[in-house]
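Observations on chain architecture
Spelled out, the chains give:
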Amino acid sequence: MTRADWIALAAVIAIFLVACAAVGSFHPDRAFVTYRYAENVAAGDGFVYNAGDAPGEGYASTLWLLACAALAACGGVLPAAAPVLSLLFGVVALVLLWVLLRARTSFPVALAGAGFAAASGPLAVAAMSGEGATLVATLGLVLVALLARPDSHRVTWGIAGVAGGLLAACGHALAIVFPVALAARVLVKRELRAPARAEWMTASGAFLAMLLALHAWRAHTFGGVLAASPFASGRVSLPSLWLAQPDDMAPWGWFYALWFVAGVAARARGDAVCWVALATAAATGVASLATADALPALAGSAALVPLLIIPALALRTTSAPAASRVTAALVAAVLMLSLGGAADAAIFARHLRATHDATLKPLGRWLSSWRPDGSLAGVAIGAVAYYSGWRAAPLDRRAGLTAAPDLVLVTSDGLFAADTDAFQSGVIAAIDGRYRMLAGIRTGWTRDRAYILYARADIPPLTDAETGSFPNGLGSVTRLLR
Amino acid sequence: MSPAARKKPAAAPRRAARSGGSFPPALVLALLTFVVCCACLAPYMPDDSFISFRYAEHLADGHGLAFNIGERPVEAYSNLLWILLCALFYKAGMSLPQVTPYAGVLAGMACVVVLWTLVRRRAPLWTQQLPPMLLFAGFGPFVLYAVSGMETALFALLLLLVVRTGEDVIAHPGAKGMAAFTVAGFLASLTRPEGVLVFPVAAALAFWELRAADRLRAARRTLGVAAAAFVVATVAYHAWRVAYFGEWLPTPFLSKGAEGAGLLSGWRMNLSSYFINWTYYYPPQGYAFVALALLGFAGLHARVVSGERASGDRLAVALALVLGMVYANFVDWMPAMRYHVALAGLLIIPVASLHALLPAAAWTAASGARAGRFAALVLVLLLGGALGLTHLKMVTRKMTESADLCSRPLATWLRGNFPPDALLAIGDVGMVPYYSGLRTLDIHPQSLTDSYIAKRDFSADYVMTRHPDVIALPVRGVYSARMDPLHFQMYKMETFRLRYLFVGTVRQQWYEDRAYWIFVRRDLPVPVDRLKALPAGIGKQHRSGLES
């Protein structure tokens, strides 16, 4: 790397940090599920959501959970420390992207590509979310870098297989990424037969060993290889990619499709880096469809951004007159567009932050002070359960409410007239008489999104002090019943 | 047959092959894209559109340019030519909220056509023309304001015509071209107040270009006559305007800045809106406009360096820069930078020269691979446009929901319960006054239609002296009120409490429970059960003041 490279890389990282600052810290509800598991792992309670319960696989990414557990074991407060870790992985991903781009494109083109990734909304949102999308981006780029090396040594292939196994530990569906990426490499380089066969067999062996180890551990810990996550948020719905994400967030499917088309069009024949990056991105994208993405800018798929930029930047330009200045202007224009994306995603991150700060955290703290050893059931119990410290269980959509927790939390469109989905309406009907409505607190502006809390009938009514300390929630309008 | 005549038939097919001949693919595809995008974003009709409609209907009915019939005319509009067109539509028996989106789309299509005539001068092959044309046709903010019932597309069209005729005048200065140039410039000045700058800037640049090209001597007379004609017409228009309204400046100029502290605060507020946080929902669009400007500068630079004639490009960029600076002074509350939208076409003119970045062979679909890459480029542009459109669609959906559930039902309620000469005091003087038909006092602190408030700021005493029959206070909150401090002063006045009865709330937005709090004069003979029929507005939160 030349001095100019170092300066450019520093500039790219600075742009990334600016974009992250624009997005600001925010806490998606789902991240708190991982935090709670990680704290229990760090405390020696095992992979459990409630201390003393049987282990359950209620989280999405084992590897990210272990990283969070390591932070917690070192004394880190996860809502503050986990975003720092995801930010660091974002920086590592950008460094890897820069190295990959510089190895094959000109300085300005590499700067444009890395600058775009740095300023793009999805990567910045992912870095601030405290979730593991930037870890996936880093592992994906490691895989591309290792698999696309022209002078691959057998050890390099083995490490690539390990990277593929680590990706599989970031999410069950991500297990497809390594085989697809490896196939792309082998087919592009026409290495199906010996002598190259031994090398990719090494990689496959390492990957399979990792995969087997992971699933053997899962079977041992959770009592089954196919343990379904009770927190599973369902498959992604196609309208959420193209029309509107949940919570009225803008749809970013067009953004990823745009870069995918650009990547497919610009890839160079026989260019292993292009093809492996494209294949890795495609497989990661397909894997991301397995779960609904509740992050702004579909940032759960942020790993696609650097992966798709690599093939898209294979476009060649001419040495037209004034090309350098014109290219600089184009780079600046691309940077502007990507910053616009970050600014747009920041709006929705602000919405989530407001919900967390005004409703979820204060409500959790209030529950904790109201009944230190309470129990809770609901469909959205990440942050409230985390801050309250209550035993919590998700409402099982098949079995309904099976225990008798102190509180049932229902999500509603409407603070004063509960408007819930059919399943929760059924739950409300089923608990009628055994539970009474305690309070409503707004969680989002649009459609007056709110949590409606139902307390078990035998729990004494709130005292004046408890009523007085009940949080105001978003918009300072609560529906508090004594 | 003369040699020249023999040559002519041979030249025509060559031209046809280059631009597509009688079937110019770039133009057709751009028009198609534009119409599809318009269909996607419609309906979107912001409150301000209805101010123009009200003026146009009053004018067509013979009441002059008055916001309230029978009152002194106030120049609360900033789009005279559009109002005149609307008055013609209304006179022809058309409903303005229904016809103006179509008129805007037609003006937008005309923009696409004029832009194409400029683009093909810079990019001879249709494959080279298509990317900039698609960039324009799918540019969300432009599409949004084409369907909005506002004058934006018409103004954009006139700006493009000024550049088109200006480029012609610089290349071949003649009386006919100069007349077209002047007329386009003057019409621009009638369409928007800042349009008065367009012709002077364009004429000055034409003067400079002609002098640089050593053709000024031949053009001096026609240019002088054109400038004199513009000055005479402009002076005559403004003399009429001042005589008619009795004011030097329109009220929006007085209330929205352009003088003293307003100038600086306008810049500060606009920059924050353009780049950081445009209310709660609107995506910040400043980045897209800056990117477009950068592309425009890059295209201009590429053209200048390549030694090709760049007079039209310079003219377009100069106009965009001057108007862009002017617009930064006026606080823009509406989504997607509505003032700047008209500049998009200007910035795309030089973008057409960027095709030179790729080798000429890349633009001829001689091989399957090249055709595939070209198709991918087109797809990328379309997907980029779709990304912007879907963001804006979310905004228009919310605004349309607000109109359908709040403004129109409230207007219907007012129309059904109060006589037409009743005075409504409200801060949003578009849709509710238009559909209710009531006389209206604009109590927004930056009043558009009330010259007293526009000049002297809001005064509770002034509002009380006007004795409004109904007051709709814009409030954040249904149960707890967060008002503008000036409105709060009025709300706390003893006179107000004694004179007005709180009827209830009509929520207009989800965010912050923005709602109208409706107050009615206690001495009005409106039965309580009819007052109780006040619509709730958006959502289920509603507060009635009559339950006790």
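About the cut-offs
Residues numbered from 1 in each chain as written. Chains lettered and ligands numbered in written order. Predicted model: local features only at pLDDT ≥ 70, side-chain atom pairs only at ≥ 80, totals over all residues. Helix = DSSP H or I, 4+ residues; strand = E, 2+ residues; numbered from the N terminus. Contact = placed C-beta atoms within 7 Å. Buried ≥ 20, exposed ≤ 12 C-beta atoms within 10 Å, placed from the backbone. Expected span 1.5 Å × (residues − 1). Arc of directions from axis to C-beta. pLDDT = per-residue confidence, 0-100. Nonpolar A, V, L, I, M, F, W, Y, C, P; charged D, E, K, R; others polar. Axes fitted to C-alpha atoms, helices over the stretch in contact; angles between N-to-C directions. Parallel < 35°, antiparallel > 145°, perpendicular 65-115°, else oblique. Left-handed = near helix turned anticlockwise from the far one by under 90°.

Structural notes on the overall build of chain A
Across its full length, chain A holds 18 helices and six strands. With the C-alpha coordinates aligned to their principal axes, the bounding extent of chain A is approximately 75 × 50 × 40 Å. Contacts in chain A between residues at least 24 apart in sequence constitute 74% of all its contacts with a sequence separation of at least 6.

Topic: the environment of Arg482 of chain B
Residues and elements named next belong to chain B. Structurally, the position occupied by Arg482 is in strand S4 (residues 482-483). When the 12 C-beta atoms within 10 Å are taken as the criterion, Arg482 is described as exposed. Along the backbone, Arg482 and Glu512 are 30 residues apart, and their C-alpha atoms lie at a distance of 9.4 Å. If sequence neighbours within four positions are ignored, Arg482 has contacts with Val475, Arg476 and Gly477.

What to know about helix H1 (residues 3-23) of chain A
All names here are of chain A. A rise of 1.5 Å per residue sets the reference length of H1, with its 21 residues, at 30 Å; its end C-alpha atoms lie 30 Å apart and thus fit the reference within 8%. Residues of H1 that are buried: Ala8, Leu9, Val12, Ile15, Phe16, Ala19, Cys20 and Val23. Buried residues of H1 fall within an arc of 135° about the axis and therefore sit on the same side. Looking at H1, the residues exposed on the side facing more than 90 degrees away from the buried face are Arg3, Trp6, Ile7, Ala10 and Ala14. Gly24 sits one or two positions beyond H1 and adopts a positive phi of about 75°.

What to know about the confidence of the model for chain A
Close inspection of predicted coordinates is inappropriate for parts of the model with low pLDDT. For chain A, per-residue confidence averages 88 on the pLDDT scale, and residues scoring 70 or more make up 92% of the total. Least confident of the elements in chain A is strand S6 (residues 478-480) of chain A, whose mean pLDDT is 67; most confident is helix H3 (residues 62-73) of chain A, at 97.

As for the interface of chain B and chain A
Each partner contributes to the interface: chain B provides 42 residues, whereas chain A provides 43 residues. Elements represented by at least two residues in the side of chain B that touches chain A include exactly helix H14 (286-305) and helix H17 (368-417) of chain B. Class assignment of the residues belonging to the side of chain B that touches chain A gives a composition of 28 nonpolar, 10 polar and four charged.

Considering the packing of helix H4 (residues 78-102) of chain A against helix H5 (residues 107-119) of chain A
All names here are of chain A. Contact pair H4 / H5: the axes reach a minimum separation of 9 Å and the direction vectors enclose 160°. Here H5 runs roughly antiparallel to H4, going by the angle between their axes. In the crossing of H4 with H5, the sense of the turn from one axis to the other is right-handed. In this structure, H4 uses Leu94, Leu97, Trp98, Leu101 and Arg102 to contact H5, whose residues at the interface are Ala110, Gly113, Ala114, Ala117 and Ala118. Split by residue class, the contact of H4 with H5 holds eight nonpolar, one polar and one charged.

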